[in-house]
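An overview of the molecular structure
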Amino acid sequence: TLFRPADVEPGATAAARCATGSAEERGRVEVVRWEQVSVAGEEVDALYLRRVTTLSGRTRGRTRHDVWLHRASGIPVRLVMRTRTRNDSPIGEVTYVEEVELRLESLEPRR
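First things first, this report covers the structure right here in the doc. Within each chain, residue numbers correspond to sequence positions counted from 1 in written order. The predicted nature of this model means local features are confined to residues of pLDDT at least 70 and side-chain atom pairs, given and counted, to a pLDDT of 80 or more, with totals for whole chains, interfaces and linings taken over all residues. Calculated side-chain values reflect all of the structure's heavy atoms, with hydrogen atoms and water omitted.

1. A word on the overall build of the protein
When its secondary structure is counted, the protein shows 0 helices and 6 strands. Traced from its N-terminal end to its C-terminal end, the protein shows the element sequence β-β-β-β-β-β. With respect to the three principal axes, the spread of C-alpha positions in the protein is 50 × 30 × 20 Å. Split into buried and exposed, the 111 residues of the protein put 33% on the buried side. When the accessible surface of the protein is split by element, carbon and sulfur atoms take 48% of a total near 7400 Å². Strands are runs of DSSP state E lasting at least 2 residues, helices are runs of H or I lasting at least 4, and numbering of each runs from the N terminus. Any residue under 20% of the maximum accessible area for its type is buried, any over 50% is exposed, and the rest in between are partly exposed; the area is computed with a 1.4 Å probe on protein chains only. To measure how exposed things are, a 1.4 Å probe is used in the Shrake-Rupley method; for residues, cover is taken only from the protein chains shown.

Written out as structure tokens, the structure is:
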């Protein structure tokens, strides 16, 4: 889950934390800047946030999520996620790497 800081001025930060019975994630969300992002060929204003966290417990590692939120609606118009974690397994430690980029194709609902 991404938590947007109450203050949307560039440089503003907020703590990020999530916990389960076997792992904990801690870090910060930072307001990077306001940017123009292309959605369906139209440039829209978006708030660029960066969330960097460290995981501990059974899952260990780091995540970085760059998210652009549409100024008018608050919906994500772009998302870039990078995760690298380690877990113990019956065959030894395994590493999980994920790199994802998602872009909103339209601001108009399909229905």
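There is more to say, and it comes next.
2. Section: the packing of aromatic side chains
In summary, the pairing rule links any two rings of Phe, Tyr or Trp, Trp by its six-membered ring, whose centres are within 6.5 Å, and it sorts them by plane angle into stacked for under 30 degrees, edge-to-face for over 60 and tilted for everything else. Summed over the entire model, instances satisfying the criterion amount to 1 aromatic pair. Where Tyr48 meets Trp68, the ring centres are 4.4 Å apart and the plane angle is 10 degrees; that geometry is what we call stacked. Placement of Tyr48 in strand 3 (residues 42-57) and of Trp68 in strand 4 (residues 59-70) is noted, with a sequence separation of 20 residues between them. In this pair, the class of Tyr48 matches that of Trp68, namely buried.

3. Re the pattern of salt bridges
Salt bridges are counted wherever a side-chain nitrogen of Lys or Arg sits within 4 Å of a carboxyl oxygen of Asp or Glu. If you walk through the whole model with that rule in mind, you get 12 salt bridges. Of the charged contacts in the structure, one is a salt bridge between Arg64 and Asp66, with a shortest N-O distance of 3.0 Å. According to the relative accessible area criterion, Arg64 is partly exposed, its value standing at 32%. Residue classification places Asp66 among the buried residues on the basis of a relative accessible area of 2%. Here Arg103 and Glu101 are joined by a salt bridge, their closest N and O atoms 3.2 Å apart. For Glu101, a relative accessible area of 45% gives the class partly exposed. Through salt bridges with shared partners, a single network forms among Arg60, Arg86, Asp88 and Glu93.

4. Quick word on the sheet that holds strand 5 (residues 76-87)
Whether two strands pair comes down to DSSP finding at least two bridges between them. Read across the open sheet, the 6 strands follow the order 1-2-3-4-5-6; overall the sheet is antiparallel. Each of the sheet's edge strands pairs with one partner strand only, and the pair in question is strand 1 (13-19) and strand 6 (94-103). If you compare each strand with its neighbour and ignore which way they point, the axes differ by 15 degrees on average. Where strand 2 (residues 23-39) lies against strand 3, 16 bridges are found, and the strand directions are antiparallel. Within strand 3, the residue paired with Val37 across the bridge is Val44. Every angle, taken between N-to-C directions, lies between 0 and 180 degrees, and every axis is a line fitted to C-alpha atoms, over only the stretch in contact when it is a helix.

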